[in-house]
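Observations on the three-dimensional arrangement
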Amino acid sequence: MIISPRPRLSNLLTLIFSGLLFFTSYGQQRCATVEYEKKRKTLNPKLEDEKTFEKWLKDKSSLRTQGTQRTQSVSYKIPIVVHVIHNGEPIGTGTNISDAQIFSQITVLNEDFRRLNADASLTPNEFLGVAGSIDIEFVMAKQDPNASGTNGINRVKGNKTSWTFLDNAQFKALSYWPAENYLNIWVLNLTDFLGYAQFPISSLPGLENSPTDRLTDGIAIAYRDFGRGAFDLEPRYNLGRTTTHEIGHFFGLRHVWGDQSSCTDSDFVTDTPPQSSSTTTCPSHPQSQCSSNKMFQNFLDYTDDACMNLFTLGQVSRMTTVLNNSVRRLSLLTSPGLVEP
């Protein structure tokens, strides 16, 4: 049984996660974004709920082409800082992953979001008509918050050899760059999940995040599930799709099955078929559920990396709306991190 290192957490929060921790103590799970959002809501009761955010997003989607807002025809650049939380090993060993492993992950992101991934050819014919791409480029930050030159990699020795989901604020405090200017990615020995992301918020007055949420905004990835190539990666998750999945959440995408055991639940995207559950491993196509074939090849399902190969047009539209409007997403597009010092 994993025990939380934070005695200050309320009894309520402990109860919320006790079942989760019991389950994950026997094996690493795919994604903790849903659980993470529940935790944020518990710690910050004023945080907007799903219905409020979705109404805001729907309204913004209908207005996306008006005024000076960016459209899908615009190229986006996102500055990334990778915080490597290591155990003191030499660079390229164990948790202190190499620069090459980090750069391989950036290549994967630029392929997957633009639909330039080689396995795009594996998308079933029935889904080709809704397969989408977004003209986005992920780049390593060129200058740090002090206006000094950087390669976008920040290495820091942790004060623990392994970390769990509940250590979120602790390990993010070890290394952090302002979330309005950088997409923070923490890579570490995360033992209970492959990764998780912080969901965006609207810009509606009165619905701002608590001050601490700014300090945790970004994504966290287990070091053996980050990157692609001849590195010490987990065999089922060795193509960098964990990070693709989590950045999808970072830009507002939800799991394709809607996170409920019901065919009527929704990921708020019309061109992803309804599902009542996630898909694991890498099954053969088709897999029928909810009177249609599951799109288990979608980056927002739970299949193995080798089985993921597409975003849909609806998902691209949703991400574009978030990029154009959401706090700490729109500001990334004009970040000083994109410019040489």
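Scroll up a little and you will see the structure.
Residues numbered from 1 in each chain as written. Predicted model: local features only at pLDDT ≥ 70, side-chain atom pairs only at ≥ 80, totals over all residues. Heavy atoms only, no water.

**Considering the overall build of the protein**
Of the regular secondary structure elements, the protein holds 9 helices and 10 strands. Within the protein, buried positions represent 53% of all 341 residues. When the accessible surface of the protein is split by element, carbon and sulfur atoms take 54% of a total near 14,300 Å². (Helix = DSSP H or I, 4+ residues; strand = E, 2+ residues; numbered from the N terminus. Buried < 20%, exposed > 50% of the residue type's maximum accessible area, 1.4 Å probe, protein only. Areas by Shrake-Rupley, 256 points an atom, 1.4 Å probe, with all protein chains shown as cover.)

**Overview of the packing of helix H4 (residues 99-114) against helix H8 (residues 241-250)**
Orientation of H4 relative to H8, taken along the N-to-C sense of each, is 60°, at an axis distance of 9 Å. With respect to H8, the axis of H4 lies oblique. At the point where H4 passes H8, the crossing takes the right-handed sense. Across from Gln105, Val108, Leu109, Asp112 and Phe113 in H4, the residues of H8 making contact are Arg241, Thr243, Thr244, Ile247 and Gly248. Looking at the contact of H4 with H8 residue by residue, the classes come out as 4 nonpolar, 4 polar and 2 charged. (Axes fitted to C-alpha atoms, helices over the stretch in contact; angles between N-to-C directions. Parallel < 35°, antiparallel > 145°, perpendicular 65-115°, else oblique. Left-handed = near helix turned anticlockwise from the far one by under 90°. Contact = heavy atoms within 4.5 Å. Nonpolar A, V, L, I, M, F, W, Y, C, P; charged D, E, K, R; others polar.)

**A short note on the nonpolar core**
Counting residues in each nonpolar core, the largest one holds 40 residues, and the members touching the most others are Phe113, Phe138, Ile185 and Phe251. The residues touching Phe251, leaving out its near neighbours within four places in the chain, are Ile78, Phe113, Ile136, Phe138, Pro200, Arg318, Met319, Val322, Leu323 and Arg329. Trp163, Leu166, Leu190 and Phe193 belong to the second-largest nonpolar core, a separate cluster that totals 15 residues. (Core = buried A, V, L, I, M, F, W, Y, C linked by side-chain atoms within 4.5 Å.)

**Some words on H4**
Across its 16 residues, H4 extends 23 Å between first and last C-alpha, which sits within 8% of the 22 Å expected from 1.5 Å per residue. Those residues of H4 lying buried are Gln101, Ile102, Ser104, Gln105, Ile106, Val108, Leu109, Asn110, Asp112 and Phe113. Its buried side turned inward, H4 meets strand E1 (76-86), strand E3 (136-140), strand E4 (153-157), H8, strand E10 (311-312) and helix H9 (313-325). (Expected span 1.5 Å × (residues − 1).)

**Overview of the pattern of salt bridges**
The final tally for this structure, using the stated rule, is 18 salt bridges. For Arg40, the salt bridge is made with Asp213, and the minimal N-O distance between the two is 3.4 Å. Note that Arg40 is positioned in helix H2 (residues 33-43) and Asp213 in helix H7 (residues 211-214), a separation of 173 residues in sequence. Note on accessibility: Arg40 and Asp213 belong to one class, buried. Between Asp112 and Arg241 there is a salt bridge; the shortest N-O distance is 2.8 Å. Taken together, the residues Asp112 in helix H4 and Arg241 in helix H8 connect sequence positions 129 residues apart. The pair Asp112 / Arg241 is uniform in exposure class, with both members buried. Each member of the salt-bridge network shares a partner with another, and the members are Glu50, Glu54, Arg254 and Arg318. (Salt bridge = Lys/Arg side-chain N within 4 Å of Asp/Glu carboxyl O.)

**A short note on H9**
Over its 13 residues, H9 runs 18 Å from end to end, which matches the ideal 18 Å to within 8%, given 1.5 Å per residue. Of all 13 residues that make up H9, 11 are buried, and the element is covered over most of its length. Of the residues making up H9, those classed as buried are Gln315, Val316, Ser317, Arg318, Met319, Thr320, Thr321, Val322, Leu323, Asn324 and Asn325.

**With respect to the layout of surface pockets**
Remark: the empty space left among the atoms is shown by a probe the size of a water molecule rolled over them. Here the largest pocket defines a volume of roughly 570 Å³. If you go around the largest pocket, you meet 25 residues; those closest to its centre are Val34, Glu37, Lys38, Glu50 and Arg254. Mapped by element, the contributors of at least two residues to the lining of the largest pocket are H2 and helix H3 (50-62). (1 Å grid on protein atoms, 1.4 Å probe; cavity = no way out; pocket = protein on both sides within 12 Å on 5 of 7 lines; lining within 4 Å. Points joined across faces, edges and corners; volume = space filled by probe spheres on them.)

Keep in mind these numbers describe shape, not what the thing actually does.
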